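# Overview (structure and organization)
What follows is the residue order along each chain.
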Amino acid sequence: MAPEGARLGGVVADLEVSRAWLVDPAIGREGPGDIVVEDGVLRSVVWLDGAEAEGIDDRGVVVAPGLVDLHAHFREPGFEDAETVATGMAAAAHGGFTTVCAMANTSPAIDEASVLVRVREAAERSGSPVELLVYGAVSAGRKGETLAALGELSDGGAIGFSDDGAPVRSAAILRHALAYAGMLGRVIVDHPEEPILTDGAEANEGLVATILGLKGWPTAAEASAVGRDLAILTEVLADVPAARLHLTHLSTAASLELVRRAKAAGLPVTCDITPHHLALTDEWLAGARRWAWEALDEDGRARSPWADGALVAGPFDPTLRVNPPLRSALDAAALLAALVDGTADAIATDHAPHTRVDKEVEFGLAANGISGIETALGIVLAAVDAGRLPLSRAIEALTTGPGGVLHGWGWGGSRRLVEGEAADLVLFDRSTPWRVEAAGLASRGKNTPLLGRDLPGRVLLTVAGGRLAYEEPG
Ligand SMILES: [Zn+2]
């Protein structure tokens, strides 16, 4: 199965995968099949049926298009102790991702073209074939006071604009940014958060925060910002029909319901959710380690981890501190429903690597974020294994879902298994789990609450644009 003699970054000269389970969301098809890659090109895709297909199911080796991440933090320039573009790209490839959009909250922020050029050069130097797309900042220095050099950043190839790490605080700046970016044919990606409601907040407002004595972070802090953003978008569209808004890492039932209604009304809004908000809940802060769907009873009500003996680890693990915070099991269930019904366009990792110094401190002082690009597929497959999500929809939300969002922003790539195109795919094995261990993560950020846990879907091979991006060692 391993490509003959290919080195990382080199063209995959010869690869044959026989009797695997192929998933191609672009044509809505999955089933047994063979693929052949020659000189970086997908030479043949054969769908098997009848006797040839016997004994092949979706629980073994799966071939899917390369995964696409709309939201990752690669920390360069400025925070190279936490991640560099090169280590971020390696982590992406290990996670099965072949296209990644990097956020602009570096130091300096990517608020002018020269910084964007530095990031692109770092990607080039890394030798990784993973495609790196880069956001520019919405505001100068991400301070929310004046617009960044949007025109210059757009000319330099910024895929869109985001102040992520923080919301676009000023409604006036957001209004101008949506209009100006729309005229440039670019999107605004907002991290929706009303800062007045989250000042000093530490954990999702609710029973867990109360019992642990952590300051509550209300769901309304997100939903009210989503409402604000949608209202401003509606008004801007009257003057700038090309204005577009993407809401990232939505974490609450209320936010998804607002987006559901906005989409039904025809607003050009898209959104993503993260694997951790889908599968982890605030009870992990107390020491529970069960998946979100395991924290609901048969009637869909949240179970108390204190009442049913679910606490298996110590409380206050700082790796769980993230913005937005891990929510309730009911919110997570709403995210799953939004993923299944298409309200959520994509799963994005919000990969947020941090150094130990920034993370191994008192819970409330820890930096926000989870190093997640290498565990995203595994978390999503855990939902598939539990029967909560069809495999085809899971793959769609990691490939054509975000790919379709990117097409709306002018990206010309494709995510499909089509003969004659450059091979861009991931092979993973569902038959045996892999254990998340710090030493096994390519990211410099080892800040994940999943260390020591077994996840389904070991990535065997990632091919990006016809070149070898990752190959399982040994
Ligand atoms: Zn964010």
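Let us look at the structure shown here.

### Things to note about the overall build of the protein
Within the protein, the regular secondary structure consists of 15 helices and 19 strands. Over its C-alpha atoms the protein spans a radius of gyration of 21 Å, differing by no more than 12% from the 23 Å that the globule rule assigns to 474 residues. Across its three principal directions, the C-alpha atoms of the protein cover 60 × 55 × 45 Å. Residues counted as buried form 61% of the 474 residues belonging to the protein. Within the protein, counting contacts between residues at least 6 apart in sequence, those at least 24 apart form 74% of the total. Summed over its atoms, the accessible surface of the protein is roughly 17,300 Å², and 51% of this surface lies on carbon and sulfur atoms. Taken as two groups, the 39 positive and 66 negative side-chain charges of the protein have centres that lie 2 Å from each other.

### Thoughts on the state of the cysteines
Taken as a whole and assessed by the stated rule, the structure comprises 0 disulfides. Here Cys-101 is not disulfide-linked; the sulfur of Cys-271 is the nearest cysteine sulfur, at 15 Å. Relative accessible area serves as the criterion here: at 0%, Cys-101 is assigned to the buried category.

### Looking at the pairing of strand E15 (residues 425-429)
Counting buried positions over the 5 residues of E15 gives 5, a clear majority of the element. Burial along E15 is two-sided: Leu-425, Leu-427 and Asp-429 and Val-426 and Phe-428, pointing in opposite directions, are all buried.

### What to know about a nonpolar patch on the surface
There is a patch of nonpolar side chains on the surface, built from Leu-207, Ile-211, Trp-306 and Leu-311 and spanning about 360 Å² of accessible area. Looking at the element boundaries, Leu-207 is found in helix H6 (residues 207-212).

### Here's the deal with the sheet that holds strand E19 (residues 467-471)
Ordered by their spatial adjacency, 7 strands build an open sheet running E3-E2-E1-E4-E15-E18-E19, and the pairing between neighbours is mixed. Each edge of the open sheet is held by one strand with a lone partner, namely strand E3 (41-47) and E19. Taken pair by pair, the neighbouring strands of this sheet meet at an average axis angle of 30°, ignoring direction.

### What about the pairing of strand E6 (residues 97-102)?
Across the 6 residues that make up E6, a large majority, 6, are buried. By the bridge criterion, 4 bridges tie strand E5 (residues 67-72) to E6 in an arrangement that is parallel. Residue pairing across strands places Asp-69 opposite Val-100, the latter belonging to E6. Where the polypeptide runs from E5 across helix H1 (residues 85-94) and back to E6, its parallel neighbour, the crossover connection is right-handed. Sheet topology places E6 next to strand E7 (residues 131-136); 4 bridges connect them, and they run parallel. What sits directly across from Ala-102, in E7, is Val-134.

### Digging into the sheet that holds strand E9 (residues 187-190)
Ordered in space as E5-E6-E7-E8-E9-E12-E13-E14, the 8 strands form an open sheet in which the pairing is parallel. Looking at strand neighbours, the two that pair on one side only are E5 and strand E14 (346-347), the edges of this open sheet. The sheet contacts of helix H7 (residues 220-239) involve E9, strand E12 (244-247) and strand E13 (269-273), and relative to E12 the element is tilted by about 170°.

### Brief notes about the packing of aromatic side chains
Aromatic rings considered in pairs are described by the distance between their centres and by the relative angle of their planes. Inspection of the entire model under this criterion finds 3 aromatic pairs. Look at Trp-284 and Trp-291: their rings are 6.2 Å apart centre to centre, the planes differ by 35°, and that puts the pair in the tilted class. Its relative accessible area of 0% is what places Trp-284 among the buried residues. Accessibility expressed as a relative area gives 8% for Trp-291, which makes it buried. Centroid distance Trp-291 to Trp-293: 5.8 Å. Interplanar angle 20°. Geometry classified as stacked. The burial state of Trp-291 is the same as that of Trp-293; both residues are buried. Among the aromatic side chains, those forming a connected cluster through ring pairs are Trp-284, Trp-291 and Trp-293. Cation over ring: Arg-453 sits above Trp-291, and NZ or CZ is 4.2 Å from the ring centre.

### Considerations on helix H8 (residues 253-264)
Its 12 residues give H8 an end-to-end C-alpha distance of 17 Å, which sits within 8% of 16 Å, the value for a rise of 1.5 Å per residue. Looking at H8, one finds that the buried residues are Ser-255, Leu-256, Val-259 and Ala-262. For H8, the arc enclosing every buried residue in end-on projection is 120°, short of the 170-degree limit, so these residues lie on one face. Away from its buried face, by an angle of more than 90 degrees, H8 presents the exposed residues Arg-261 and Ala-264.

### Notes on the nonpolar core
The tendency in soluble globular proteins is for nonpolar side chains to be buried side by side. If you look at the biggest cluster of nonpolar residues, it comprises 110 residues, and the most contacted ones within it are Val-100, Leu-132, Leu-285, Trp-291 and Phe-428. Here this core takes 8 residues from helix H13 (residues 376-385), the largest share from any one element. In contact with Leu-285, not counting residues within four places along its chain, are Ala-203, Val-208, Leu-212, Leu-214, Pro-315, Phe-316, Leu-320, Leu-326 and Phe-363. One finds Val-37, Val-61, Val-63 and Ala-423 within the second-largest nonpolar core, a separate group that totals 21 residues.

The rules behind the values
Residues numbered from 1 in each chain as written. Predicted model: local features only at pLDDT ≥ 70, side-chain atom pairs only at ≥ 80, totals over all residues. Heavy atoms only, no water. Helix = DSSP H or I, 4+ residues; strand = E, 2+ residues; numbered from the N terminus. Rg over C-alpha atoms; globule rule 2.2 N^0.38 Å. Buried < 20%, exposed > 50% of the residue type's maximum accessible area, 1.4 Å probe, protein only. Contact = heavy atoms within 4.5 Å. Areas by Shrake-Rupley, 256 points an atom, 1.4 Å probe, with all protein chains shown as cover. Lys, Arg positive; Asp, Glu negative; His and termini not counted. Charge placed at Lys NZ, Arg CZ, Asp CG, Glu CD. Disulfide = S-S within 2.5 Å. Patch = residues over 30% accessible without salt bridge, like charges linked within 9 Å, V, L, I, M, F, W, Y side chains within 5 Å. Salt bridge = Lys/Arg side-chain N within 4 Å of Asp/Glu carboxyl O. Pairing = 2+ DSSP bridges. Axes fitted to C-alpha atoms, helices over the stretch in contact; angles between N-to-C directions. Right-handed = clockwise from strand over helix to strand, strands pointing away. Phe/Tyr/Trp six-rings, centres within 6.5 Å; stacked < 30°, edge-to-face > 60°. Lys NZ or Arg CZ within 6 Å of the ring centre and 35° of its normal. Expected span 1.5 Å × (residues − 1). Arc of directions from axis to C-beta. Core = buried A, V, L, I, M, F, W, Y, C linked by side-chain atoms within 4.5 Å.

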